[in-house]
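# Structural features, examined
Below, each chain spelled out in residue letters.
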Amino acid sequence: MKREAIREFFRRLHDANPSPQTELEYASPYQLLVAVVLSAQATDRSVNIATRKLFADAPTPEAMVSLGEAGIAEHIKTIGLFRNKAKNTLALSRLLLERHGGEVPADRDALEALPGVGRKTANVVLNTVFRQPVMAVNTHIFRLSNRSGLAPGKDVVEVEKALMRRVPKDYLLDAHHWLILHGRYVCTARSPKCGQCIVRDLCLFRDKTG
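About the thresholds
Residues numbered from 1 in each chain as written. Predicted model: local features only at pLDDT ≥ 70, side-chain atom pairs only at ≥ 80, totals over all residues. Heavy atoms only, no water. Helix = DSSP H or I, 4+ residues; strand = E, 2+ residues; numbered from the N terminus. Rg over C-alpha atoms; globule rule 2.2 N^0.38 Å. Contact = heavy atoms within 4.5 Å. Areas by Shrake-Rupley, 256 points an atom, 1.4 Å probe, with all protein chains shown as cover. Lys, Arg positive; Asp, Glu negative; His and termini not counted. Charge placed at Lys NZ, Arg CZ, Asp CG, Glu CD. Buried < 20%, exposed > 50% of the residue type's maximum accessible area, 1.4 Å probe, protein only. Salt bridge = Lys/Arg side-chain N within 4 Å of Asp/Glu carboxyl O. Polar contact = N/O pair within 3.5 Å; in protein donor to acceptor, adjacent residues only side chain to side chain. Arc of directions from axis to C-beta. Axes fitted to C-alpha atoms, helices over the stretch in contact; angles between N-to-C directions. Parallel < 35°, antiparallel > 145°, perpendicular 65-115°, else oblique. Nonpolar A, V, L, I, M, F, W, Y, C, P; charged D, E, K, R; others polar.

The next subject is the overall build of the chain. Looking only at helices and strands, the chain has ten helices and zero strands in total. Reading the secondary structure of the chain in the N-to-C direction produces α-α-α-α-α-α-α-α-α-α. For 210 residues, the compact-globule estimate of 2.2 N^0.38 gives 17 Å, and the chain sits close to it at 18 Å. Dimensions along the principal axes, computed over C-alpha positions, put the chain at roughly 55 × 30 × 30 Å. The long-range fraction of contacts in the chain, counting pairs at least 24 apart against all pairs at least 6 apart in sequence, stands at 58%. Counting only carbon and sulfur atoms, one obtains 52% of the accessible surface of the chain, whose full area is about 10500 Å². The chain carries 31 positive and 22 negative side-chain charges, and their two centres are separated by 7 Å.

The subject of this paragraph is the side chain of R143. Looking at where R143 falls in the secondary structure, it is placed in helix α8 (residues 139-148). In this structure, R143 is buried with no salt-bridge partner, the nearest side chain bearing the opposite charge being E23 at 12 Å. In this structure the side chain of R143 is engaged in a polar contact, spanning 3.0 Å, whose partner is the side chain of H140. Excluding residues within four positions of it along the chain, R143 makes contact with G183, C187, T188 and A189.

For helix α9 (residues 156-166), the complete set of buried residues consists of V159, E160, A162 and L163. Projection of α9 onto a plane perpendicular to its axis shows the buried side chains occupying an angular sector of 165 degrees, all on one side. In this structure, α9 carries K161 and R165 as exposed residues pointing more than 90 degrees from its buried face. Packing partners of the buried residues in α9 comprise α7 (119-128), α8 and α10 (169-185). For α9, the side-chain oxygen to backbone nitrogen distance between the N-cap and V157 is 3.2 Å, and the N-cap itself is D155.

Among the structural elements, A189 can be located in the segment after α10. Not counting the four nearest positions on each side in its chain, A189 is found in contact with R143 and R147.

Before going further, it helps to examine unusual backbone geometry. You will see that L81, though not glycine, has its phi angle at about 60 degrees, which is positive. In this structure, L81 sits in the loop between α4 (61-75) and α5 (82-100). Look at R131: it is not a glycine, yet its phi comes out positive at around 55 degrees. Relative to the helices and strands, R131 is located in the loop between α7 and α8. On the basis of relative accessible area, R131 is assigned to the partly exposed category, the value being 35%.

Further remarks concern the pattern of salt bridges. By the definition in use, this model includes 14 salt bridges. Residues R11 and E8 are paired through a salt bridge, measuring 2.7 Å at the closest nitrogen-oxygen approach. Taken together, the residues R11 and E8, both in helix α1 (residues 3-16) and three residues apart, mark about one turn of the helix. A relative accessible area of 22% means that E8 is categorised as partly exposed. The salt bridge involving R184 is made with E23; its shortest N-O contact spans 2.5 Å. Pair noted here: R184 is in helix α10 and E23 is in the loop between α1 and α2 (29-38), with a separation of 161 residues, a long-range link. Look at the salt bridges and you will find they share partners, linking E8, R11, R12, D15 and D201 into a network.

Okay, the environment of P105 next. Residue position: P105 is located in the loop between α5 and α6 (108-112). Not counting residues up to four positions away in its chain, the partners in contact with P105 are L96, H100, A110, L111 and F130.

Further remarks concern the packing of α1 against α10. Contact geometry for α1 and α10: axes closest at 10 Å, N-to-C directions at 70 degrees. Between α1 and α10, the crossing angle belongs to the class labelled roughly perpendicular. Here α1 contributes R7, F9, F10, R11, L13 and H14 to the contact with α10, which in turn contributes D170, Y171, A175, W178, L179 and H182. Considered class by class, the residues forming the contact of α1 with α10 number seven nonpolar, two polar and three charged.

Here it is, written out as structure tokens:
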């Protein structure tokens, strides 16, 4: 996709949704961090259902540690991989208390040193909470970037680097959310809704539907 088309691509996404937000429910940076960790291989909807009760009972790292691994697991047992996620949630909560005074650090290395936190999770937190211009590439963004020709790449890191180069700087801060939402609801995996797509004419996908 050419530079002019990419700028128009994001201009349209911006005009359709000027202030995109994550669909994960949270009331603090800590809660967003936990929610993103829990969202691995799970839908935001399923995570929100579980965290409404979890965060009511354990809204802070201190409360989460007091809840304990078994208590966390009981709250999130409807989410895939819940046992391992409960273990990581407890461990990261303890480390936040030990290393960061219970606060979520605005630093990639510090975030990635926490159990269950990889590059994608760190990028989500850095972008959503601390408004850093980074790109968290999930399955939706990876698919959309390759399918549309926006930023092709063989793996998520390659796509991330391509997006960081190609997305116009004035759109970069919110590009993560626009792409996730577009991939989740329009440029879907099995049956993309090309007939409803506001960037259809810019997209290089050959097998458009509708």
